[in-house]
Amino acid sequence: MSRMGDVLAGFHAAWEFESDSVLIRYERGIRTPKLFQALGERRVPLEAIAGVTLTRGKRGTVVLRVEPRPGADPLMEAAAGQLKESGDPYRLVLPAEREVLAEYYADELRTLLTESGPADRFLVKPPEGPLSFKAYDGKATFDGRTVNFRWFWTGASSAKWKAGDQTFSVGELNGVEWRSPEVFEGHLRLLRRDAEASAAQADQDPAAVVFGLGYGPVHESLPFAAAVLAAVRTSSPVAAVPAPRRDPADIAERIRHLGELHQAGLVTDEEFSVKKAELLAEL
């Protein structure tokens, strides 16, 4: 850019133009999309940008947007085109009277772009961990190395209770499937290297958590998915990390719920005995 450190402020965000990148700082406030607030700020290297557009927006606004290269940003890769326009972190909405200034910065950026086409690695830093969120049927946590699903007895299916809480090392995974909680059957599914693509519904798959109204919102579940995806892409297969020992009170509660499933006929005598033994072994 002609002057390093120039800042262009719009609604919900301000872009700082530097010699090798664009630093996007998102505002905090009740009108700012929650995803932007969760992201905080993002540095987008110029090599991650394929193009720049400036278009007329709604209600006397203009929209400056940078187009990330396919494969350059784990957040956009995880989103897979499911973000609403208002939740696009690469859009800067400005008052129409700032159109000339926005055009100036768009032109300046275009002269500096030298890369195009898919990127061979992630160039934009993924969301930082540790991360967690509550889905409808369980709590998902990620510490940078392992993903844990801990089932809720009020939401998890009997199939997930039979399988038990799940722990996945990133080395076991091949990818992540995220379906927005704003659509029907929203979920986050972990794709394992040694398993075929699951045909099971997400609520029956122990490698998936399902979303519901108020559970697994975009601003929590999407950064989570992006962080896991980035870790998977930079990892090599490793042995699974054994699950930690559980709290005795938690084990007792799970055995009680397993007994309820057994009495209701949802778990056979053999399944009840095997699962109870597994739970007791975790003490």
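For every chain, the first residue of its written sequence is number 1, and the numbers climb from 1 along that sequence. For a predicted model such as this one, the threshold for reporting local features is a pLDDT of at least 70, and the threshold for listing and counting side-chain atom pairs is 80 or more; totals across whole chains, interfaces and linings nevertheless cover every residue. Side-chain descriptors were evaluated using all non-hydrogen atoms of the structure, hydrogens and water having been removed beforehand.

Core analysis: the largest hydrophobic core is formed by 68 residues, its most contacted members being Leu64, Phe149, Leu188, Leu190, Phe224 and Val228. For this core, the element with the most residues is helix α5 (residues 218-233), which contributes 11 residues. When residues of this core are assigned to domains, at least three fall in each of domain 1 (6-112) and domain 2 (144-235). Whether two residues are in contact is decided by their heavy atoms: any pair within 4.5 Å suffices. With near-sequence residues (within four places) excluded, phenylalanine 224 lies in contact with Leu131, Ser132, Phe133, Ala140, Thr141, Phe142, Val147 and Leu188. The next biggest cluster of nonpolar side chains, apart from the first, holds five residues, and it includes Ile251, Ile255, Leu258 and Phe272. To qualify as a nonpolar core, a set must consist of buried Ala, Val, Leu, Ile, Met, Phe, Trp, Tyr and Cys residues joined through side-chain atoms within 4.5 Å. Exposure is judged per residue with a 1.4 Å probe applied to protein chains only, and the accessible area is read against the type maximum: over 50% gives exposed, under 20% gives buried, and values in between give partly exposed. Each helix is a run of H or I in the DSSP string that is no shorter than four residues. Each strand is a run of E no shorter than two, and both are numbered from the N terminus. Boundary definitions for the domains trace back to an automatic or database domain assignment.

Attention now moves to the UniProt feature "domain: DUF4429" (unreviewed entry) in the chain. Following the UniProt record, one finds the feature "domain: DUF4429" (unreviewed entry) at residues 15-109 and 140-228. Here residues 15-109 is 24% helix and 37% strand, with 12 Å between the C-alpha atoms at its ends. UniProt positions are given in the numbering used here, feature names are shortened, and annotations may be inferred rather than shown by experiment.

Let us now look at α5. Taking 1.5 Å per residue, 16 residues should reach 22 Å; α5 reaches 22 Å between its end C-alpha atoms and fits that length. When you tally the buried positions in α5, you get 13 out of 16 residues, the bulk of the element. To estimate the expected span of a helix, subtract one from its residue number and multiply by 1.5 Å.

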